[in-house]
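Observations on chain architecture
Chain by chain, the residues:
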Amino acid sequence: MKKIRIGILGASDIAFRRFLPALKTVEKFEFAGVAVADCRERGGEIDEKSYEPLLVKKREKAQKFVDNYGGKIYQGYGNLISSEDVDAVYVPLPPSLHFEWCYKALAAGKHVLSEKPCTTSLEDTAKLTALAEEKGLALYENYAFGLHRQIAKIRELLEEGKIGELRLIRTAFGFPYRSAEDFRYDKKMGGGALLDCGGYALKAVQLFTGDGLHVVTSALHHTDRHDVDMYGSAVLTDQNAVEAQIAFGMDNSYKCELEIWGSKACILAPRIFTPPAEMETQIIIKGQTEEVIKTAPDDQFAHAIEYFGSCTENRETRENAGKEILTQSRLVDEMERKNILH
């Protein structure tokens, strides 16, 4: 079996902590290496002399990737993308850089696995998905939680009629304030709660609703500390009048849950988005009695890489992935347009 050689743009923490350990378990892939941005690829007003100290740190970080997982260090994102030794590219950069480097990778004939959000605008997302379709390349947005075994189990419970008729979906994802230097709090870097944790909540709703999902109303709250939305909420509905309520925030107490309320019972998943690969998760069914279903540890990152591999081979799978990316971007766009706190 010929392996897909995948390179990483930037020595990011998520690539080292989650992506590469998962990649080792997927036989279809081989780690080609990691790229360190040159001065021109950084953007902004920074000269080579000023960039040199940061470049040294980035090279040291990249060396840890190579020491632990093999591959090589590429001097410049462009050099990795143009390399004949690379078939696919993983893009874990800040959101504002996703469109540029995903587009360049696709244009160079590489499959692309992008961290979420795929881009920061519906227009850019449409351009990316169109280019991927035109070239017959895979483009996958890494909302890995949707592939965790607990999602499959929840679907099974719904199909069995365990909760009766579906009445309401509620989901919330939020975490405490990190630091002022974090890209999530910088508008120029594509920050904001909606694009970050809000995207998870929107994606979760799509897993359990039908076609025609749209935003009824949304509220994106700002504070004096930063120029981005810090927390928010929305109401959505689909063509079957199933209602969903989402809430999210990146200056909140921690919450990572999904609730599906039915006519007979309610399903609660208290760690729906970010369970570590070694964590046993729980699904709680509350009706006249309470039942706890334990689901075995599962590596959702590995499943995402496997699915991405399927996208490189199967046209229908690629097309479905592209449609999901567009739907996600459309809903984000609707939330921004229907924000009552403009």
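Source: prediction; values computed, not measured. (Residues numbered from 1 in each chain as written. Predicted model: local features only at pLDDT ≥ 70, side-chain atom pairs only at ≥ 80, totals over all residues. Heavy atoms only, no water.)

**Re the sheet that holds strand β12 (residues 266-269)**
Basically, it comes down to this: Each pair of strands is called paired provided DSSP finds at least two bridges between the two strands. Secondary structure elements follow DSSP: runs of H or I of four or more residues count as helices, runs of E of two or more count as strands, with numbering from the N terminus. Angles here are taken between N-to-C directions and fall from 0 to 180 degrees, while the axes themselves are lines fitted to C-alpha atoms, restricted in helices to the stretch in contact. We call two residues in contact whenever any of their non-hydrogen atoms come within 4.5 Å of each other.
The sheet built from eight strands is open, its strands ordered β8-β9-β10-β7-β11-β12-β13-β14 with mixed pairing. Of all the strands in the sheet, the pair left with one neighbour each is β8 (214-222) and β14 (290-295). Each strand of the sheet is rotated relative to its neighbour by a mean of 10°, with strand direction disregarded. By the bridge criterion, four bridges tie strand β11 (residues 255-262) to β12 in an arrangement that is antiparallel. By the bridge assignment, leucine 258 is partnered in β12 with alanine 269. Along the sheet face, helix α7 (residues 149-159) touches β11, β12, β13 (281-286) and β14 and points at about 20° away from the line of β13. Sitting on the sheet, helix α10 (residues 315-337) touches β8, β9 (229-237) and β10 (243-249), and the angle it makes with β8 is about 60°.

**Brief notes about the nonpolar core**
Where we set the bar: The term nonpolar core refers to a set of buried residues drawn from Ala, Val, Leu, Ile, Met, Phe, Trp, Tyr and Cys, joined through side-chain atoms within 4.5 Å. Residue burial is assigned from relative accessible area. The probe radius is 1.4 Å, only protein chains are included, and a residue is buried under 20% of its type maximum, exposed over 50%, and partly exposed in between.
Formed by 47 residues in total, the largest nonpolar core has its most connected members in Ile154, Leu236, Ile246 and Met335. If one sorts the elements of this core by residue count, helix α8 (residues 194-206) sits on top with eight residues. Apart from residues no more than four positions distant in its own chain, isoleucine 246 is found in contact with Thr171, Ala201, Leu202, Val205, Gly232, Ser233, Ala234, Leu236 and Met335. Among the nonpolar cores identified, the runner-up in size contains 30 residues, and Ala15, Ala22, Leu55 and Phe301 belong to it.

**Notes on the pattern of salt bridges**
Let me state the cut-off plainly: Salt bridge criterion: a side-chain nitrogen from Lys or Arg within 4 Å of a carboxyl oxygen from Asp or Glu.
Taken as a whole and assessed by the stated rule, the structure comprises 20 salt bridges. A salt bridge links lysine 162 to glutamate 291; its shortest N-O distance comes to 3.7 Å. One end of the pair, lysine 162, is in the loop between α7 and β7 (166-174); the other, glutamate 291, is in strand β14, and 129 residues separate them in sequence. With relative accessibility at 37%, the residue lysine 162 sits in the partly exposed group. Among the residues examined, glutamate 291 registers a relative accessible area of 35% and is labelled partly exposed. Between aspartate 333 and arginine 337 there is a salt bridge; the shortest N-O distance is 2.9 Å. Of this pair, aspartate 333 and arginine 337 both sit in helix α10, four residues apart, which is roughly one turn of the helix. When its relative accessible area of 21% is taken as the criterion, aspartate 333 is described as partly exposed. The structure contains a network of salt bridges with shared partners spanning Arg5, Asp85 and Asp87.

**Focus: unusual backbone geometry**
Cis geometry marks the peptide bond from lysine 116 to proline 117, where omega comes out at -10°. Even without a glycine there, the phi angle at alanine 241 is positive, about 65°. Among the structural elements, alanine 241 can be located in the loop between β9 and β10.

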